[in-house]
Amino acid sequence: MQSKKLVLSFIAAITLFVGGCNLFNPTESINIESDDAEALTYEGYIQFQKNDYNEAEKYFRKAIKADKTHSEAWYGLAKTIMSQQGINPFEFLKYANVSSGVAIPFYDMDDKTAQKYESSLDTVRNFLQTFIELDTTGNLDNVITFGTFANSYMVLESVHSMLGLRSAAQDLDVCDKNNPNVDKECDLGVVLNSLKGKVNSTLDGFHEVFNTCKYYPSAMRTAGDQFLQGFDLIKDEAKDQAFATACGALAQTTESGEDNRTREKSLNIVIAQFGYSDTSDDDGDGCVDEELYDGVDNDGDGEIDEDIRDRTNPIVYDIELAYKNKMAGKNNIKDLMIVKSAKPNDKYEKVDVDMNGIPGKKDDEEWSFVYPDYNKRVEKNDYRFAFAKKLTYNPKGLSNEDFTDLKYNVAKDTDPHNIQYDLKFRQENIGGCWVNYDQQKFEQWFQGRN
């Protein structure tokens, strides 16, 4: 059901933006004035409307050379490059409709068409990102701004991300069209989780979508209720502010990091935000999906790691306080995604977060804070869930860096036929939830990981 909602949101977004987005439609004529850049730009648009894109490109580039701040020339060149590359939003819409039973937009697109669009989108995106950088840093004249085409840009980045997921799906046996269970097993959650350990450019596309939403939250209204947790009851300007807050936090956490570990953490946050967490220990502490998306350490292991509960859990955020923090210039995730309370959904009711033998439905300590009042959490600098009070981490007293490295290596020790770190080692050197494991639970930890 979640996969279908995501696909429907994606199709709805494209349907809305095709009709009204500026990048996909010709512009009106621009009046000529004595300025050379203006004249060159005007002639560029004349050639553009004649579909002579090579000539249009020449004029727009001449205009930019004459005046690097001339946004109308940059905008015209962006539209020209898109037309040269054959970017067709109506074809996006055709392929976005899922017909194979696989809830992945573009899954039915043939390889040749997919490769053509991937190459074309890379060319267009690279240029637009230059345009956006110039505009958002105040280096253009502000006549045409990023906001003019934010909706269109979000569509392009969404398409780019979905094509990346299509490519990943091609490598999965469960997504093979000849597989009789394809409609039951191959969904966006399966594909997204398959990217762990080999994060590709899909994450860059998500970053651009969230970053666009951060600056122009109205571009997220169509699909926002499906993508972002807790905002379905908020109206109008307050909703835009809430979207901007959430998207800003997501943009920050999906920004390209220097190493795979950072990228994997970011990917897990995206997966959780879309509602596809795999209820797995991804950081090697033995606990299962114990972090919330609130930018703080919920399990007491000393880091804000990549284990994370998904957005489909009943999580209540303090939007009013987040808005006040935003207006006060506080932009950290912990100041913007403030959790009032959390409860498990149907899936997490069966998940035993701390592996103590009591699943979430019956273990209140897995879903309640040590300090229920947020102000008290801030005062005590303790954002843990109650179950974490019983845990001890890093019993050997390693440095924070060494302990984090050890957990990461343990998380990568996934081959049950060649175990590098046995249960005793994990209990003695990591502690955490490993102390609640027996040999049977330890063997179950490896299932589906290799």
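To be clear, the structure that these remarks concern was listed above.
Residues numbered from 1 in each chain as written. Predicted model: local features only at pLDDT ≥ 70, side-chain atom pairs only at ≥ 80, totals over all residues. Heavy atoms only, no water.

Comments concerning unusual backbone geometry
Glycine aside, negative phi is the norm for most residues, and most peptide bonds take the trans geometry. In this structure, Met355 is a non-glycine residue whose phi angle is positive, near 60°. Mapped onto the elements, Met355 comes out in the loop between strand S2 (339-342) and helix H16 (374-380). What makes Met355 buried here is its relative accessible area of 14%. Unlike most non-glycine residues, Asn394 shows phi in positive territory, near 55°. Tracing the chain through its elements places Asn394 in the loop between H16 and helix H17 (400-411). (Helix = DSSP H or I, 4+ residues; strand = E, 2+ residues; numbered from the N terminus. Buried < 20%, exposed > 50% of the residue type's maximum accessible area, 1.4 Å probe, protein only.)

So, the packing of helix H10 (residues 202-215) against helix H13 (residues 260-273)
The contact between H10 and H13 brings their axes to 11 Å, and the two run at 60°. Taken together, the axes of H10 and H13 are oblique relative to one another. Taken as a pair, H10 and H13 cross one another with a handedness that is left-handed. Residue-level contacts link Leu203, Asp204, Phe206 and Phe210 of H10 to Arg263, Ser266, Leu267 and Val270 of H13. (Axes fitted to C-alpha atoms, helices over the stretch in contact; angles between N-to-C directions. Parallel < 35°, antiparallel > 145°, perpendicular 65-115°, else oblique. Left-handed = near helix turned anticlockwise from the far one by under 90°. Contact = heavy atoms within 4.5 Å.)

A word on empty space enclosed by the protein
One pass over the full model with this rule turns up 6 cavities of 30 Å³ or more. Lining of the second largest cavity is provided by 12 residues; of these, Gln273, Tyr293, Arg309, Arg311 and Tyr317 occupy positions nearest its centre. Contributing elements (two or more residues each) for the lining of the second largest cavity: H13 and strand S1 (315-317). Among the elements that make up the lining of the second largest cavity, the one with the highest residue count is H13 (3 residues). (1 Å grid on protein atoms, 1.4 Å probe; cavity = no way out; pocket = protein on both sides within 12 Å on 5 of 7 lines; lining within 4 Å. Points joined across faces, edges and corners; volume = space filled by probe spheres on them.)

Considering the nonpolar core
Val191 and Tyr293 are the most contacted members of the largest nonpolar core, which totals 95 residues. Ranked by residues supplied to this core, first place goes to helix H7 (residues 150-170) with 10 residues. Not counting the four nearest positions on each side in its chain, Val191 is found in contact with Ile104, Leu165, Ala168, Ala169, Leu172, Cys175 and Cys186. Core analysis: the second largest hydrophobic core is formed by 5 residues, Met154, Val209, Cys213 and Cys247 among them. (Core = buried A, V, L, I, M, F, W, Y, C linked by side-chain atoms within 4.5 Å.)

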